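Listed here are the chains, written in short residue letters.
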Amino acid sequence: MDIYPKQIMDALATVRYPGTGKNIVEAGMVRDDLRISGLHVQFSLMFDRPTDPFAKSLVKAAEAAIHAYVSKALTVEIQAVMPDAKQSSPSHPDYSHLGNIIAVSSGKGGVGKSTVAVNLALGLARLGHRVGLLDCDIFGPSVPKMLNTEDARPYSEHIDGHDLIVPVEQYGVKMLSIGFFLRPDQATIWRGGMASNALKQLIGEAAWGELDYFILDTPPGTSDIHLTLVQTLPITGAVIVSTPQQVALADARKGIDMYTNDKVNVPILGLVENMAWFTPAELPENRYYLFGRDGVKQLAEEMQLPLLAQIPLVQSICDSGDSGEPAVLHPEQPTGQAFLHLAARVVTQCDRRNTERPATQVVHTK
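All figures in this text were calculated on a predicted structure; none of them were measured in a lab. (Residues numbered from 1 in each chain as written. Predicted model: local features only at pLDDT ≥ 70, side-chain atom pairs only at ≥ 80, totals over all residues. Heavy atoms only, no water.)

1. What to know about the overall build of the protein chain
Argument step 1. Summing up its helical and strand segments, the protein chain has ten helices and 13 strands in all.
Argument step 2. Burial status across the protein chain gives 50% buried among its 366 residues.
Argument step 3. Considering only contacts in the protein chain between residues 6 or more positions apart, those separated by 24 or more positions represent 74%.
Argument step 4. Accessible area for the protein chain stands at about 17,900 Å²; split by element, carbon and sulfur atoms hold 49% of it. (Helix = DSSP H or I, 4+ residues; strand = E, 2+ residues; numbered from the N terminus. Buried < 20%, exposed > 50% of the residue type's maximum accessible area, 1.4 Å probe, protein only. Contact = heavy atoms within 4.5 Å. Areas by Shrake-Rupley, 256 points an atom, 1.4 Å probe, with all protein chains shown as cover.)

The structure is reproduced here in structure tokens:
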């Protein structure tokens, strides 16, 4: 089997550097030392920074691309070339400029967590706060769609001696998502370490500026991403989202335990009952409890946690998410009022938490 350099370069052109969105060939990261000897391929990737968090991820992605687009029979040897570090990075970055860091979490998927996170962020902005929103769901990013920014492409800017990603701004909120660096139909096929490194870059190498609230739309369940977040950021508190049905409540308990166990120790600001009842547009006074009644409210009472809001299930919430115009932008409607009430309650709970408890510490693992 004959292998040609163009085959290798074409395969590498499918690998994109998340910080810029450019493929690694276009970005000039593939050095001109490509060697092909039988079924052995060898070359180097050049990185601009000695501590580039994407280095290992891109090396693995480049190898996977060659196996996928050229041949699985190839042995691929890639050297990551980096400049000498002039100074070491601080072991504990200062994230005080992010303000109150709030993780919006759910024990399972399909409960409307991203809808709550987006409307909470916009609600806080409408209350006059400086807000950032990070879509932490590396494998299923939905924030770009929900905020009508799918075509946005963040760019890098040299700020205070550093190349930083400039977040996209929409409805008064700064936001980043791995979805901005992928095609809408492109799946993210990464191992856990690759996803965690991508997330760290979106947190630490972005020009967030001074914020009052930094909202994290976390993936459903408990995963490597959650561990990365608590190891990277001093999370002020978590907001747990669930529907009233028992299977969702069981998973919500696991989410609460994840944050409150002794090793993590992140306070729970409160619970949100989403899809609390169904109200048809033609019968606005009627309530139909499709998933059970007051399940999250009862869980909050049982665990002595605040119930922050009960959000009804109405067609307008779905429509607003799909159209990129979240419900909170329409406070004249019941759902918009509910999300504004949620934002106000979160402000109150954050103030209370900061008064009564010491600052959260990042989790350190051996």
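What follows picks up the thread again.
2. Focus on the sheet that holds strand 13 (residues 307–313)
Argument step 1. Across the sheet, which stays open at both edges, the eight strands sit in the order 8-9-5-10-4-11-12-13 with mixed pairing between neighbours. The two strands at the open ends of the sheet, each matched to only one other strand, are strand 8 (168–170) and strand 13. Recorded for the sheet is a direction-independent mean angle of 25 degrees between the axes of neighbouring strands.
Argument step 2. Two strands pair when backbone bridges link them, and strand 12 (residues 268–278) and strand 13 are joined in this way by five bridges, in the parallel orientation. What sits directly across from F278, in strand 13, is L313.
Argument step 3. Relative to strand 12, helix 8 (residues 295–302) is tilted by about 155 degrees, and along the sheet it contacts strand 11 (237–242), strand 12 and strand 13.
Argument step 4. In the packing of helix 10 (residues 334–356) onto the sheet, contacts are made with strand 4 (100–105), strand 10 (213–217), strand 11, strand 12 and strand 13, and the angle to strand 13 comes to roughly 165 degrees. (Pairing = 2+ DSSP bridges. Axes fitted to C-alpha atoms, helices over the stretch in contact; angles between N-to-C directions.)

3. Observations concerning helix 7 (residues 246–260)
Argument step 1. Its 15 residues place the ends of helix 7 21 Å apart at the C-alpha level, agreeing with the 21 Å of an ideal helix rising 1.5 Å per residue.
Argument step 2. Every buried residue of helix 7 is accounted for by A248, L249, D251, A252, G255, I256, M258 and Y259. Down the axis of helix 7, the sector holding all buried residues measures 165 degrees, keeping them to one side. Exposed side of helix 7, more than 90 degrees from the buried face: Q246 and K254 are the residues found there.
Argument step 3. Against strand 4, helix 6 (224–232), strand 11, strand 12 and helix 8 lie the buried residues of helix 7. (Expected span 1.5 Å × (residues − 1). Arc of directions from axis to C-beta.)

4. Regarding unusual backbone geometry
Argument step 1. Residue D294 is not a glycine yet carries a positive backbone phi of 60 degrees.
Argument step 2. Along the chain, D294 falls in the loop between strand 12 and helix 8.
Argument step 3. One non-glycine residue, Q304, lies in the positive phi region at around 55 degrees.
Argument step 4. For Q304, the location among the structural elements is in the loop between helix 8 and strand 13.

5. As for the pattern of salt bridges
Argument step 1. Throughout the structure, instances matching the rule amount to five salt bridges.
Argument step 2. A salt bridge links K113 to D217; the nearest nitrogen and oxygen atoms lie 2.7 Å apart. Note that K113 is positioned in helix 3 (residues 113–126) and D217 in strand 10, a separation of 104 residues in sequence.
Argument step 3. Looking at D217, the relative accessible area reads 0%, which means it is buried.
Argument step 4. As a salt-bridge pair, R253 and E302 come within 2.9 Å of each other at their nearest N and O atoms. Here E302 lies in helix 8 and R253 lies in helix 7, a separation of 49 residues in the sequence. (Salt bridge = Lys/Arg side-chain N within 4 Å of Asp/Glu carboxyl O.)

6. As for the side chain of S114
Argument step 1. Assignment of secondary structure puts S114 in helix 3.
Argument step 2. Separated by 3.4 Å, the side chains of S114 and K113 make a polar contact.
Argument step 3. S114 has contacts with S142, M146 and D217, leaving out every residue within four places of it along the chain. (Polar contact = N/O pair within 3.5 Å; in protein donor to acceptor, adjacent residues only side chain to side chain.)

7. Some remarks on the packing of helix 3 against helix 10
A pair of packed helices is characterised by two quantities: the angle between their axes and the separation of those axes.
Argument step 1. Between helix 3 and helix 10, the shortest axis-to-axis distance is 8 Å and the interhelical angle comes to 75 degrees. Considering their axes alone, helix 3 and helix 10 lie roughly perpendicular with respect to each other. Contacts between helix 3 and helix 10 involve T115, V116, N119, L120, G123, L124 and R126 from the first element and F339, L340, L342, A343, V346 and V347 from the second.
Argument step 2. When the residues that make up the contact of helix 3 with helix 10 are grouped by side-chain class, the tally is nine nonpolar, three polar and one charged. (Parallel < 35°, antiparallel > 145°, perpendicular 65-115°, else oblique. Nonpolar A, V, L, I, M, F, W, Y, C, P; charged D, E, K, R; others polar.)

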